[in-house]
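Tertiary structure, described
Listed below are the residues making up each chain.
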Amino acid sequence: MRNLLPILTVLAVLVGIWYLAVAPMNVRVALDTVERGGAEVVPAGSATRRDVSVWRLMAQNAEHVPAGYALDRPRLPTPAQVGQELWKTTGAMALKGRAWSKRSLLYHGWITLQSTLWGFALGTSLGIAGAIAIVYSRVADMSLMPWAIISQTIPIVALAPMIIVVSSQLGVDGRGVPKAIISAYLCYFPVLVGMVKGLRAPALSQLDLLKTYDATGLQSFLKLRLPASVPYLFTSLKVGIAAALVGTIVGELPTGAISGLGARILIGDQFGTPLAIWSALFAAAILAGLLVTLLDLSQKLILNRMGMQP
Amino acid sequence: MSALILALIFWLSAWAFNVWLSNSRWRTTRAARIAVPALFGITLLVLWEGIVRGLGVSAVILPAPSIVAQTFAASTDILWIDFVQTFLKGALRGFVIGVAAALICALLIDRSAFLTRGLLPIGNFFAALPIVGVAPIMVNWFGFDWQSKAAVVVIMVFFPILVNTVQGLRATDAMQRDLMHTYAASYTQTLLKLRLPAALPFLFNGLKIATTLALIGAIVAEYFGSPTRGMGFRISTGVGSLSIDLVWAEIAVAALVGTMFYGVMAWIERRVTFWHPSQRG
């Protein structure tokens, strides 16, 4: 908790910078709006203002700068506007009993969360299975490991539209499956690397000890290697769930999806409603924070019960 | 069907050869270390080719690698234009700007222990966020050309580099810093001769993560609007117009570029941090 004060200070500074940036970012739109409302603006006309720098516009029209903080379609909304929009599309709708309406971010967040969790489950199982294969089989170690690294240097977004085309041609309904595949692709790698490290963590003397007990391969796996890998597993799970969420949103962005947080960003872009984009972005950030925190808590709980220091 | 059967036979024999090679006495040689994964990759391609030909999969769904290779060879001019637009203009410029900004920020923050404690958790949090989502906003702010792509890349690479560098700058232990102190070394001297070199392994960790992020950012930003060139543009229009083989050629370029970019970073890392235990092997 000794970090709380510094964190809050840095956050306050960031929000302050954001508020300051709103004025120059929005001044052109604001001046256009007040001019249409009949106010006097120097210089007149949106076209003539295009060549004037924002700083001069702000100096010459100081009384209209505050209008930039209350626009309907700002280039950069204020944090308060984003917060209001977030509340309007989540809490306020839930209070009215319309939490699952198509306009509610709770609904879209739930769609994104589902794909993320499916992708996370798929990616984690693939990663763990791959790690076991790599630790126990030399040929898997030599042939899989380099390709696992290469697979992460391939930008998955290039593949994302193709995954969606192929899976729809194969008769897979809905967009859940391709999104889950994309997020699994992004999240299996940290789990694989962490588990390989974790399964190899027991010292040679510990493995030898189990041999003197005449333990079978399965026994030494279950009683030594697997427990020893748990701290590594949780560390990589936290990276993995964040990557899975990125994967889902990447899967929703370029593909014309209609539900999910990524789709909200896409639709907000197409309809020119920046507030929708920003609130969806923040909802995604909150979701990422919640998921990582949840894993962090279960890590502490489980490691404590296993008698390891987290 | 014969193509499929041939592919399966190739798969089994390649597998057997790999098992034999990785248990033979040559397994530690450099040639075997390259041959085993290379054969694995070739097997995947052969299986893909065999499945597509053997089962008669339509080229609209999944073209065979040989067709993709032909398209690749026939449209190198288009692929080159897209490569210049997406990688050299968008991703690389954004990468350089983002890395420079993160390094400067890291050095400034590092001077204050208070700021470091505040910024590390926040930076870690930001690094885990789906920042790609800012792509439409950046396209709105900076227009369709490479500037908006570079802007997305800057934001995406900034936090991983910042967090890694700040952590790396704290990686020296008190004993080493005390030694510099007894030499009466100034802040700059300590920074240049001790703390920056010690931070390099961490920095390269961040740089390697950032290479992938840079390409992802540049391509996603193109889905939201771009001039009529670029890898993301070609992929999204190719899917719409069913020229799937060109899309796969574009994917191959993206894969090659991503791998080379990462490889170059790893190569520089080996040359610069040769003294680090993880590089001495």
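Let's shift gears to the packing of aromatic side chains. The full count for this structure, using the stated rule, is 15 aromatic pairs over all chains. Ring centres of Phe17(B) and Trp20(B) lie 5.7 Å apart, and the angle between their planes is 40 degrees; this geometry places the pair in the tilted category. With a gap of three residues between them, Phe17(B) and Trp20(B) both fall in helix α1 (residues 2-23), about one helical turn apart. The exposure class of Phe17(B) is partly exposed, given its relative accessible area of 40%. Among the aromatic residues, those joined into a cluster by ring pairs are Trp80(B), Phe83(B), Phe87(B), Phe95(B) and Phe261(B). Sitting over the ring of Tyr136(A), Arg225(A) keeps its end group 5.4 Å from the ring centre. Its end group placed over the ring of Trp146(B), Arg93(B) keeps NZ or CZ at 4.2 Å from the ring centre.

Now for the domain arrangement of chain B. Examined at the domain level, chain B breaks down into domain 1 (2-57) and domain 2 (72-280). Here the C-alpha centre of domain 2 of chain B lies 34 Å away from the C-alpha centre of domain 1 of chain B.

What follows deals with the interface of chain B and chain A. Interface size is often expressed as the accessible area that is lost when the parts come together. The interface of chain B with chain A comprises 50 residues on the first partner and 51 residues on the second. Carbon and sulfur atoms supply 81% of the area buried between chain B and chain A, which totals about 4,500 Å² over both sides. Sorting the residues of chain B by area buried against chain A places Arg117(B), Pro130(B) and Trp141(B) first, and these three jointly supply 14% of that buried surface. Our enumeration of links across chain B and chain A arrives at zero salt bridges. Along the contact surface separating chain B from chain A lie two residue pairs in polar contact (both at pLDDT 80 or more). Counting residues per element, the ones that place at least two in the side of chain B that touches chain A are α1, α2 (30-54), α5 (113-127), α6 (135-142), α9 (187-223), α10 (231-240) and α11 (244-272) of chain B.

So, about the domain arrangement of chain A. All names here are of chain A. In terms of domains, chain A is made up of domain 1 (4-76) and domain 2 (105-305). Each of domain 1 and domain 2 has a C-alpha centre, and the two are 41 Å apart. Contacts between domain 1 and domain 2 engage six residues on the former and seven residues on the latter. Considering only the side of domain 1, the residues that lose the most area to domain 2 are Trp 18, Arg 73 and Pro 74, jointly responsible for 71% of the buried surface there. Our count for the contact surface shared by domain 1 and domain 2 stands at zero salt bridges. Put simply, domain 1 and domain 2 have zero residue pairs in polar contact (both at pLDDT 80 or more) between them.

The next point concerns the pattern of salt bridges. All names here are of chain A. A complete count under the given rule lists nine salt bridges over all chains for this structure. We note a salt bridge from Asp 141 to Arg 200, for which the minimum N-O separation is 3.4 Å. Taken together, the residues Asp 141 in helix α7 (residues 138-153) and Arg 200 in the loop between α9 (176-199) and α10 (204-212) connect sequence positions 59 residues apart. Classification of Asp 141 as partly exposed rests on a relative accessible area of 25%. A salt bridge links Asp 296 to Lys 300; the shortest N-O distance between them is 3.3 Å. With a gap of four residues between them, Asp 296 and Lys 300 both fall in helix α13 (residues 274-305), about one helical turn apart. Residue classification places Lys 300 among the partly exposed positions, given a relative accessible area of 41%.

Even without glycine at this site, Asp214(A) takes up a positive phi of about 60 degrees. Along the chain, Asp214(A) turns up in the loop between α10 and α11 (217-252). The exposure class assigned to Asp214(A) is exposed, which follows from its relative accessible area of 64%. Of note, Ala184(B) is a non-glycine position whose phi angle comes to about 60 degrees, a positive value. Note on Ala184(B): relative accessible area 63%, which makes it exposed.

What counts, and at which threshold
Residues numbered from 1 in each chain as written. Chains lettered and ligands numbered in written order. Predicted model: local features only at pLDDT ≥ 70, side-chain atom pairs only at ≥ 80, totals over all residues. Heavy atoms only, no water. Phe/Tyr/Trp six-rings, centres within 6.5 Å; stacked < 30°, edge-to-face > 60°. Helix = DSSP H or I, 4+ residues; strand = E, 2+ residues; numbered from the N terminus. Buried < 20%, exposed > 50% of the residue type's maximum accessible area, 1.4 Å probe, protein only. Lys NZ or Arg CZ within 6 Å of the ring centre and 35° of its normal. Domains from an automatic or database assignment. Contact = heavy atoms within 4.5 Å. Buried area = accessible area lost by both parts, 1.4 Å probe. Salt bridge = Lys/Arg side-chain N within 4 Å of Asp/Glu carboxyl O. Polar contact = N/O pair within 3.5 Å; in protein donor to acceptor, adjacent residues only side chain to side chain.

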